[in-house]
Amino acid sequence: ARDVAMTTDYKKVDNAIKDRTNNPMLGGTNMAAGLDEAVEVLTEPGISTLANRIIVLMTDGDWNQGRDPILSANDAAAAGIIIHTIGMLNNDQATLQQIAQITGGEYIYA
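Definitions and limits used
- Residues numbered from 1 in each chain as written.
- Predicted model: local features only at pLDDT ≥ 70, side-chain atom pairs only at ≥ 80, totals over all residues.
- Heavy atoms only, no water.
- Salt bridge = Lys/Arg side-chain N within 4 Å of Asp/Glu carboxyl O.
- Buried < 20%, exposed > 50% of the residue type's maximum accessible area, 1.4 Å probe, protein only.
- Helix = DSSP H or I, 4+ residues; strand = E, 2+ residues; numbered from the N terminus.
- Polar contact = N/O pair within 3.5 Å; in protein donor to acceptor, adjacent residues only side chain to side chain.
- Core = buried A, V, L, I, M, F, W, Y, C linked by side-chain atoms within 4.5 Å.
- Pairing = 2+ DSSP bridges.
- Right-handed = clockwise from strand over helix to strand, strands pointing away.
- Arc of directions from axis to C-beta.
- Contact = heavy atoms within 4.5 Å.

What follows covers the pattern of salt bridges. Enumeration over the complete set of coordinates arrives at three salt bridges. The shortest N-O distance in the salt bridge between R67 and D75 comes to 2.5 Å. Given a relative accessible area of 33%, R67 falls into the partly exposed group. Assessed through its relative accessible area of 38%, D75 is described here as partly exposed. Here the salt bridges share partners, and the residues they tie into one network are D36, R67 and D75.

Printed below as a string of structure tokens:
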């Protein structure tokens, strides 16, 4: 679920980040859920056709919940969306590399 709709109101974004920091999510890693939500946002009516459609996926875990994130990457690529992936700690680097490759993005291990 979206914490904040697309906005230039940085106060709303800042408050959402603070709320997320105070209420961390623990447990499974559902990469596809985040990717699917981002694709939905970037393909909504009213989004400028001139806008760069880019997702940055940052994760410290392995995909272990939800649908296969490779399917989400294929959906993003079909919509002309690039996904850059950043892996932290011990994670499934091969999946993150493949997500980036499918969409024309870059993979970085931090």
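Glancing now at the environment of W63. Position of W63 among the secondary structure elements: in the loop between strand 1 (54-59) and helix 3 (69-78). A C-alpha to C-alpha distance of 6.0 Å links W63 and M31, two positions 32 residues apart in sequence. A polar contact of 3.4 Å, which involves the side chain of W63, links it to the backbone oxygen of G66. Polar side-chain contacts of W63 include one of 3.1 Å to the backbone oxygen of R67.

All right, on to the nonpolar core then. The tendency in soluble globular proteins is for nonpolar side chains to be buried as a group. By size, the foremost hydrophobic cluster in this structure holds 13 residues, and its most contacted members are L35, I55, L57, I81, I83 and I99. With four residues, helix 2 (residues 31-42) is the largest single contributor of residues to this core.

Where a strand is regular, its side chains alternate between the two sheet faces. Side chains I55, L57 and T59 project from strand 1 onto a buried face, and the interleaved I54, V56 and M58 project onto a face without burial. As paired elements, strand 1 and strand 2 (residues 82-87) share six bridges and run parallel to each other. Bridge pairing in strand 2 links L57 to T85. The parallel pair strand 1 and strand 2, bridged by helix 3, forms a crossover whose chirality is right-handed.

Turning to helix 3, a few remarks are in order. Within helix 3 the residues assigned to the buried category are P69, I70, S72, A73 and A76. Within helix 3, the buried residues cover an arc of 155 degrees as seen down the axis, which keeps them to one side. Its buried side turned inward, helix 3 meets helix 2, strand 2 and helix 4 (93-103). Measuring from the side-chain oxygen of the N-cap residue of helix 3 to the backbone nitrogen of I70 gives 2.8 Å; that N-cap residue is D68. Directly beyond the C-terminal end of helix 3, a positive phi value near 75 degrees is found at G80.

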